[in-house]
Amino acid sequence: MKAGNWYRVNWRCEIKTDIVQSMDLKEFPIDLQDLTIKYRLRHSIREAAIVPFTVGNFKSEDALSLVDLSHAELELPAYRLFNKAPFCGTMEDEIYFGRDCSTVTVQLNYAREPMYYVMNIVSIEMALLFVNLGAWALKIGPTGGRYIFDLIVILTELNFRGMINDKLPEISYLTIIDKYLLACFFLKMAAFAFHCAQISVPMFAGREADSAAGVAFAVGLVAIHLVFFLYAIRLRRLRETQIKAQCEAARSTANNRHNRRMSMALYDSDALVTGTDEGDKIPPPVAEVQGVQVGIVGISAEALSALNIDAEEIEGATSNEATLMTPPT
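Residues numbered from 1 in each chain as written. Predicted model: local features only at pLDDT ≥ 70, side-chain atom pairs only at ≥ 80, totals over all residues. Heavy atoms only, no water.

What follows deals with the pairing of strand S2 (residues 32-40). S2 sits mainly inside the fold: seven of its nine residues count as buried. In this structure, S2 lies alongside strand S7 (residues 99-112), joined through nine bridges in antiparallel fashion. Note that in S7 the partner of Thr36 across the bridge is Gln107. (Buried < 20%, exposed > 50% of the residue type's maximum accessible area, 1.4 Å probe, protein only. Helix = DSSP H or I, 4+ residues; strand = E, 2+ residues; numbered from the N terminus. Pairing = 2+ DSSP bridges.)

Let us now look at the packing of helix H1 (residues 115-133) against helix H3 (residues 176-200). Any two packed helices are characterised by how steeply their axes cross, that is the angle between the axes, and by the distance between the axes. At a closest axis distance of 10 Å, the pairing of H1 and H3 adopts a crossing angle of 15°. In terms of orientation, H1 and H3 fall into the roughly parallel class. Read as a crossing pair, H1 and H3 show a hand that is left-handed. Listed contacts from H3 to Tyr117, Ile121, Val122, Glu125, Met126, Leu128, Leu129 and Asn132 of H1 are Ile177, Tyr180, Leu181, Cys184, Leu187, Lys188 and Ala191. By residue class, the composition of the contact of H1 with H3 is twelve nonpolar, one polar and two charged. (Axes fitted to C-alpha atoms, helices over the stretch in contact; angles between N-to-C directions. Parallel < 35°, antiparallel > 145°, perpendicular 65-115°, else oblique. Left-handed = near helix turned anticlockwise from the far one by under 90°. Contact = heavy atoms within 4.5 Å. Nonpolar A, V, L, I, M, F, W, Y, C, P; charged D, E, K, R; others polar.)

A few words now on helix H2 (residues 146-164). An ideal rise of 1.5 Å per residue puts 27 Å on 19 residues; H2 measures up with 27 Å between its terminal C-alpha atoms. For H2, the set of buried residues is Arg146, Asp150, Val153, Ile154, Glu157, Phe160 and Ile164. Projected down its long axis, H2 shows its buried positions confined to an angular sector of 120°, all on one face. Exposed and oriented more than 90 degrees from the buried face of H2 are Leu155 and Met163. (Expected span 1.5 Å × (residues − 1). Arc of directions from axis to C-beta.)

Next up, the structure:
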């Protein structure tokens, strides 16, 4: 080998860690959550730089080649990858201890599986409302037992809430399902109050008033489920649009960055990166890290602050493949 030539050495490192991520549960149980993993090189961009994959099925001009999920097991018990935008990756230079360091941020987008909550909470709550509607089939007055029937349904509701409390997130704000359960509870309380009033207020004991109240209860039952169904769909679509916009912005930014790098940086025979002007010549990085491969075994989704992964300081759920460039001795 002639002096001044560069050797290329393939290198791979694997890092494992526990990842915690803060979660916004206002849309629970139809929420979309994102898990952010930040992979940062400790060396400056003059020593090592992250570049897209250039081998296998990856194309260097594709921004998604920054991240490889082809061998990753990313499914979680209560979540699945959001199929319309499963992940996105962005590449940037961050200042770390006074040096510009290459950084790749990977955002994994997860959608919760809501069927468990629909079958075990919404369906039972709907059934209790239909049972409560059956109180209008009983006789009007103290001997008919309507208010006792309503009271039994309310006590059943309270017992049911106590049973499902451990299945719902313990947070200080109301989620969609909390608002739904409160609306159903207030409707039951309204029926109980009306049937109690029929005993002491003669005008409420008439057939017309009783029929109007029964129709109002049935309309309220249908309206609650229709409104919350449309409300949940609207929130879900807004969240999907937000995630798609984030992925498109990340793709565009990464593509523009890579195209600018490819157009302004060319290796010449002296192993220099040459730009459009004479002053743009800078030494090439000692190492080029080709993308980030991600594989997740399990995630602790507690309401804690997000964790940034530093490849040099902690063990994390990422691996990378690098091309080292070292001069011969």
